Amino acid sequence: MRASLLQIGVDPSESVNSRRARVASLVREQTGSDLVVLPELWPVGAFASDLFATEAEPLTGPTHDAMAAAARDAGVWLHAGSVIERSDDGALYNTALVFSPDGRLAATYRKIHRFGFDQGEAVLLGAGDRPVTVGLPGTTAGLATCYDLRFPELFRQLTAAGAELLVVPAGWPARRRAHWSLLARARAVENQCYVLACGTAGTYAGVQQAGHSVVVDPWGEVLAEAGPDEEVLTVDVDPATVTRTRADFPVLRDRVLGLDRP
Ligand SMILES: O=C(O)CCC(=O)C(=O)O
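Each chain has its residues counted from 1, running along the sequence as written. The predicted nature of this model means local features are confined to residues of pLDDT at least 70 and side-chain atom pairs, given and counted, to a pLDDT of 80 or more, with totals for whole chains, interfaces and linings taken over all residues. Neither water nor hydrogens contribute to the side-chain values; these are computed over all heavy atoms in the structure.

S.K.: Explain the sheet that holds strand E7 (residues 139–143) to me, please; I cannot follow it from the model alone.
M.R.: Hydrogen bonds between backbone atoms are what pair the strands of a sheet, whose relative direction is either parallel or antiparallel. Note: two strands are recorded as paired if DSSP finds a minimum of 2 bridges between them. Secondary structure elements follow DSSP: runs of H or I no shorter than four residues count as helices, runs of E no shorter than two count as strands, and numbering proceeds from the N terminus. Pairing within the open sheet is mixed, and its six strands lie in the order E6-E7-E8-E9-E12-E13. Two strands in the sheet have a free side with no partner beyond their single neighbour: strand E6 (132–136) and strand E13 (222–225). Direction aside, neighbouring strands of the sheet carry axes that sit 20 degrees apart on average. In this analysis, two residues are considered to be in contact whenever any of their non-hydrogen atoms come within 4.5 Å of each other. All axes are obtained by fitting lines to C-alpha atoms, using only the stretch in contact for helices, and the reported angles, taken between N-to-C directions, cover 0 to 180 degrees. Packed onto the sheet, helix H5 (residues 152–160) meets E6, E7 and strand E8 (165–169) and runs at close to 140 degrees relative to E8.

Take a look at the structure:
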């Protein structure tokens, strides 16, 4: 399976509409990949919380429409990163969208762990309440978003639900880049999964982004890593490697589930 991570540059001088059109073109250029991954909240910027309410969209809003068409035109599975979703009752969520190659919305995931402590996303957005996996050809992907990466129990649940690929769109700040790289490898090693972690580039809302999107194999080896700027990272991943790693070194067999609950 060929995966392409599009590390999108988010620059406040580019309008949301222009960025949406530009990203749709970039997705269309990925014909030949099986899976394309975009970062967290790339339309608006993960730290641009003053824009969340004005740029919020229904699940089937403009980003949905643009990405569904792009996935269909490219013939790829598309993890379209996330959008600020305005739900029917008016509440806002950081919601990831996954499209199948026929442009169908195959899965949605509302970010469970909201970042910001007493500010930004943590106070403006609602929290998701269920882990989500999605079936891809020959494998299963588990979905998580940015700050979720710090919470191993979510990834354990995704693994228990059959995930072999953990897909993590993010808008991770440069200041904590070391944590990003370390945690991506840790989640891969402890779950014996591929981790596809796709961040943003650029600086907006005063926050420099880490970039450095990364693909890690189930042994914890970094297969590919981006630099700090906008970049497309293409890498081949093989679900058989997950099966082989788990058979050769069967630590998952020794899990004691439920220990994260007091
Ligand atoms: O955990 C971190 O250091 C960054 C998390 C974050 O930026 C986010 O979830 O938007």
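S.K.: Looking at this structure, I do not really get the site of the ligand. What am I missing?
M.R.: All residues in the neighbourhood of the ligand are listed as Glu-40, Phe-47, Lys-111, Phe-115, Cys-146, Tyr-147, Arg-150, Gly-171, Trp-172, Pro-173 and Arg-176. Polar contact criterion, stated in full: a pair of N or O atoms within 3.5 Å, where within protein one must be able to donate a hydrogen and the other to accept it, and residues adjacent in sequence count only if both atoms are side-chain atoms. Taking Lys-111, its side chain carries an N or O atom lying 2.7 Å from an oxygen atom of the ligand. At 3.0 Å from an oxygen atom of the ligand is found a main-chain nitrogen or oxygen belonging to Tyr-147. Method for areas: the Shrake-Rupley scheme with a 1.4 Å probe, in which residue coverage is limited to the protein chains shown. A total of 290 Å² of accessible area belongs to the ligand in isolation, and the protein chains cover 98% of it. A majority-of-atoms criterion places the ligand in the largest pocket. Put simply, Ala, Val, Leu, Ile, Met, Phe, Trp, Tyr, Cys and Pro go in the nonpolar bin, Asp, Glu, Lys and Arg in the charged bin, and everything else, Gly too, in the polar bin. Grouping the constituent residues of the shell around the ligand by class yields six nonpolar, one polar and four charged. Working definition: residue near molecule or strand if any one of its non-hydrogen atoms lies within 4 Å of it. Lining residues are defined by having an atom within 4 Å of a point belonging to a cavity or pocket. Those points lie on a 1 Å grid over the protein atoms alone, cavities being sets where a 1.4 Å probe fits but cannot get out and pockets being open sets with protein on both sides within 12 Å along at least five of seven lines. To be counted as sitting in a cavity or pocket, a molecule needs more than half of its atoms within 2 Å of that site's grid points.

S.K.: What is the right way to look at helix H7 (residues 239–248) in this model?
M.R.: Quick reminder: α-helices carry 3.6 residues per turn. Residues three or four places apart thus point the same way. Relative accessible area decides the class of each residue, using a 1.4 Å probe on protein chains only: under 20% of the type maximum gives buried, over 50% gives exposed, and in between gives partly exposed. Of the residues making up H7, those classed as buried are Pro-239, Thr-241, Val-242 and Thr-245. All buried residues of H7 fall inside an arc of 150 degrees around its axis, so they share one side. Residues of H7 that are exposed and point more than 90 degrees away from the buried face comprise Ala-247 and Asp-248. Buried residues along H7 sit in contact with E7 and strand E9 (194–198). In this description, the arc belongs to the directions extending from the helix axis to the C-beta atoms.

S.K.: What is the right way to look at the packing of aromatic side chains in this model?
M.R.: Each aromatic ring pair is described using two quantities: the centre-to-centre distance and the angle formed by the ring planes. Any pair of Phe, Tyr and Trp rings, taking the six-membered ring for Trp, is counted once the centres come within 6.5 Å. Such a pair is stacked with planes under 30 degrees apart, edge-to-face with planes over 60 apart, and tilted for the rest. Summed over the entire model, instances satisfying the criterion amount to seven aromatic pairs. An angle of 65 degrees between the planes, with centres 4.9 Å apart, marks the rings of Phe-115 and Tyr-147 as edge-to-face. Of this pair, Phe-115 sits in the loop between strand E5 (105–110) and helix H4 (121–124) while Tyr-147 sits in the loop between E7 and H5; the two residues are 32 residues apart in sequence, bridging distant segments of the chain. Under the relative-accessibility criterion, Phe-115 is labelled partly exposed at 22%. Residues Trp-172 and Trp-180 carry aromatic rings whose centres are separated by 5.5 Å and whose planes lie at 40 degrees to one another, so their mutual orientation is tilted. Overall, Trp-172 belongs to the buried group, its relative accessible area being 4%. When its relative accessible area of 0% is taken as the criterion, Trp-180 is described as buried. Each member of the aromatic cluster is reached from another via a ring pair, and the members are Phe-47, Phe-115, Phe-117, Tyr-147 and Phe-151. Here, a charge over a ring means that NZ of Lys or CZ of Arg falls within 6 Å of the ring centre while also lying within 35 degrees of the ring normal. Between the NZ or CZ atom of Arg-110 and the centre of the ring of Tyr-93, over which it lies, the distance is 3.8 Å.

S.K.: Mind showing me how you'd approach unusual backbone geometry here?
M.R.: For residues besides glycine, phi is generally negative; the peptide bonds are generally trans as well. One non-glycine residue, Phe-117, lies in positive phi territory at about 55 degrees. Relative to the elements of secondary structure, Phe-117 occurs in the loop between E5 and H4. On the basis of relative accessible area, Phe-117 is assigned to the exposed category, the value being 61%. Here the phi dihedral of His-212 falls at roughly 50 degrees; this positive angle occurs in a residue that is not glycine. Summarising the element assignment, His-212 is placed in the loop between strand E11 (207–208) and strand E12 (214–216). Note on His-212: relative accessible area 13%, which makes it buried.

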